[in-house]
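Each chain is listed here by its residues.
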Amino acid sequence: MSADRIIHGVVRGEPITIIVDGEPLACFAGETVAAAMLAAGVDAFRSDRRGKPRGLFCNMGSCYECQVTLVASGRRVRACLTQAVDAMEVVTRG
Amino acid sequence: MADLQHFDVAIIGGGPAGQAAAVALSGHGLSIAVIDEQPRPGGQILRQPPARFAVQAWLEGRSYAPLKQLLARFQALSGITWLGEHSVIGVQQGSVMAMGPEGVTTISARHILIAAGCQDLAVPVSGWTLPGVYAAGGIQAFLKGQQLLVGSRVLLAGTHPLQLLIAAQIVAAGGTVAAVMFAQPRSAMIGALTKHPLAALRRAPDLLATAGALRTLARAGTPVLFGAKIEALTGNDRVSGAITNQGQVACDAVGLCYGFVPQSAVPRMAGAQMKPAGPAGGWACVHDEWMRTSVPGIAAAGEAVGVAGAAAAAAGGSLAGIAIALDLGLIDADAADRAARQPRRALLQHRAFAALLDAAADPTDHFPKPAGDTIICRCEDVDHATLTGQVSAGGSANAIKLATRCGMGACQGRNCEPSLLRMIAETGPGSDPGFTARFPARQVSIADLLPPE
């Protein structure tokens, strides 16, 4: 199951591609990494100590459940606060 | 670490309170920095779509109109340095440390206004760590900003009436809401609102928005249920349903909506005196009649002083801005009093309404019962049984943090602190001040804190 982009009355930025865990993922300029992942059906942002998948929870930078690593800089960032940029590479395993 | 930047005023938060303060301070030639984690101003209430999007009919409801006017005025101001995509990691008298995309920057400012807003109260229930379970405000922010529906069948559950508006926004966007479940009985919610009809009437647009939401949901055939309590959220790799006292509900997303707590990490770290924020929990800044906190040079407005909604935030922000102008000697006491008359009146009125809403939404007796293995601290995977043992042994929040790592993780206890404090409160009288706030308020790499080579 994936999240659905609202199409009616919405014009997004140009189509771009980000790479999440090695897989290309089509999205639009202006979208956050979190929105791009959810719209592509990628809703596990990490695994907890029980090995269970964890999803984004708050979508406002408070819960830290959506932290991913930017491959280029090595920075750990919150996907809900990070804008997708064409060819940006992200890994979900810290 | 980047160079020091100097400003007359640093405003933390670009929502209604921060905007109103900036507007009140405009025209005096001050240099003002406004710091926000989002790329664009608006706050959570007006979470703007990305600049790269064009959205027709964005938040057209009547209750948003005055807030959109304030936002337009703020965006037209000159002399504002907008520091979007910056997270405040530390505040002390006279300085703010913030982390942006390029690293950490330190800002010096004679006056600091904390207008950092609130967050959803995180409410543990069995299965709430499954992907697809969200804080209801997070679902709404995806709708407002990213124009995204998080699921094809969304269940909203909690005690706060905001979930009606969120449900209606989902339906209006073409989505489906499985049900809106209020854990409290209908009488508890309606009774609270009719106890003080005048305060309710003064906020007619908000009540009309709720009535409009109910009509939208009725047309869509969305069940709005009272006394409907979720007992567990179920699914394998993501949520696929809920077990409730009124049967099972199939859904592919859940929004938990039990209320809101102030973002309190920054004022607590600065040493500001705090007080319990309300029935949903959390901590609010104590302030004087000019919104000054107990720390000289640091004021607070908006949800930071107690969750009372966007209109109250705007009024408090105006007041804080006027007070800073007074303290900087830009206006005299008479002028400040005159300017403060209208926002003071508005603040009182909106707080009266907020008190009604607090009573109507009071989650105290309606929280789900966590199972022993329900995770309470999401960052450190500390479960309810572990905390029950610690709490019954009489530990304080800080002691339990040290013993279990509850509250020690990436979110700094933002999610779990209210849950732990509720557990402690159940064991008897006595008030626990919660976790000691520590630098940094947001995660930062050590490399970013080091001086440049």
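Residue positions are given per chain, counting from 1 as you read along its sequence in written order. Labels are handed out in written order, letters beginning with A for the chains and numbers beginning with 1 for the ligands. pLDDT decides what is reported in this predicted model: residues at 70 or higher carry local features, side-chain atom pairs at 80 or more are listed and counted, and totals for whole chains, interfaces and linings draw on all residues regardless. Each side-chain value is worked out from all heavy atoms of the structure, with water and hydrogens disregarded.

Chemist: Help me understand the UniProt feature "domain: BFD-like [2Fe-2S]-binding" (unreviewed entry) in chain B in this model?
Modeler: UniProt positions are given in the numbering used here, feature names are shortened, and annotations may be inferred rather than shown by experiment. Those residues carrying the UniProt feature "domain: BFD-like [2Fe-2S]-binding" (unreviewed entry) are residues 375-426 of chain B in this numbering. Per the convention used, a helix needs a DSSP run of H or I reaching at least four residues, while a strand needs a run of E reaching at least two, with both numbered from the N terminus. Here residues 375-426 of chain B is 52% helix and 10% strand, with 19 Å between the C-alpha atoms at its ends.

Chemist: Just to check I follow, could you spell out empty space enclosed by the protein for this structure?
Modeler: Empty space among the atoms can be located by rolling a probe the size of a water molecule over them. Residues and elements named next belong to chain B. Space inside and on the surface of the protein is sampled on a 1 Å grid over the protein atoms alone, with a cavity defined as a set of points where a 1.4 Å probe fits but cannot get out and a pocket as an open set with protein on both sides within 12 Å along at least 5 of 7 lines; lining residues have an atom within 4 Å of a point. Grid points are joined across faces, edges and corners, and a volume is the space filled by probe spheres set on the points. Summed over the entire model, instances satisfying the criterion amount to three cavities of 30 Å³ or more. Quantified by volume, the largest cavity comes out at close to 280 Å³. Along its surface, the largest cavity is lined by 24 residues, and S264, A265, R268, Q412 and R414 are the ones closest to its centre. Elements supplying a minimum of two residues to the lining of the largest cavity: β18 (260-262), α8 (265-270) and α13 (417-426). Ranked by residues supplied to the lining of the largest cavity, first place goes to α8 with three residues. Looking at side-chain class alone, the lining of the largest cavity contains eleven nonpolar, eight polar and five charged residues. For the domain bounds, the source is a domain assignment made automatically or taken from a database. Here the lining of the largest cavity spans two domains, and each of domain 1 (4-119 + 261-357) and domain 3 (375-426) adds at least three residues to it. Following the grouping adopted for this structure description, the nonpolar residues are Ala, Val, Leu, Ile, Met, Phe, Trp, Tyr, Cys and Pro, the charged ones are Asp, Glu, Lys and Arg, and the polar ones are all others, Gly among them.

Chemist: What is the right way to look at the UniProt feature "domain: FAD/NAD(P)-binding" (unreviewed entry) in chain B in this model?
Modeler: According to UniProt, the "domain: FAD/NAD(P)-binding" (unreviewed entry) feature falls on residues 7-313 of chain B. Between the first and last C-alpha atoms of residues 7-313 of chain B the distance is 23 Å; the span itself is 28% helix and 30% strand.

Chemist: How do you make sense of the environment of A192(B) when you look at a structure like this?
Modeler: Residue and element names in this part refer to chain B. Tracing the sequence through the fold places A192 in helix α5 (residues 186-195). The spatial distance from the C-alpha of A192 to the C-alpha of A209 is 18 Å, given a sequence separation of 17 residues. When checking whether two residues touch, look at their non-hydrogen atoms; a contact exists if any pair is within 4.5 Å. Apart from residues no more than four positions distant in its own chain, A192 is found in contact with S187, L356, A359 and A360.

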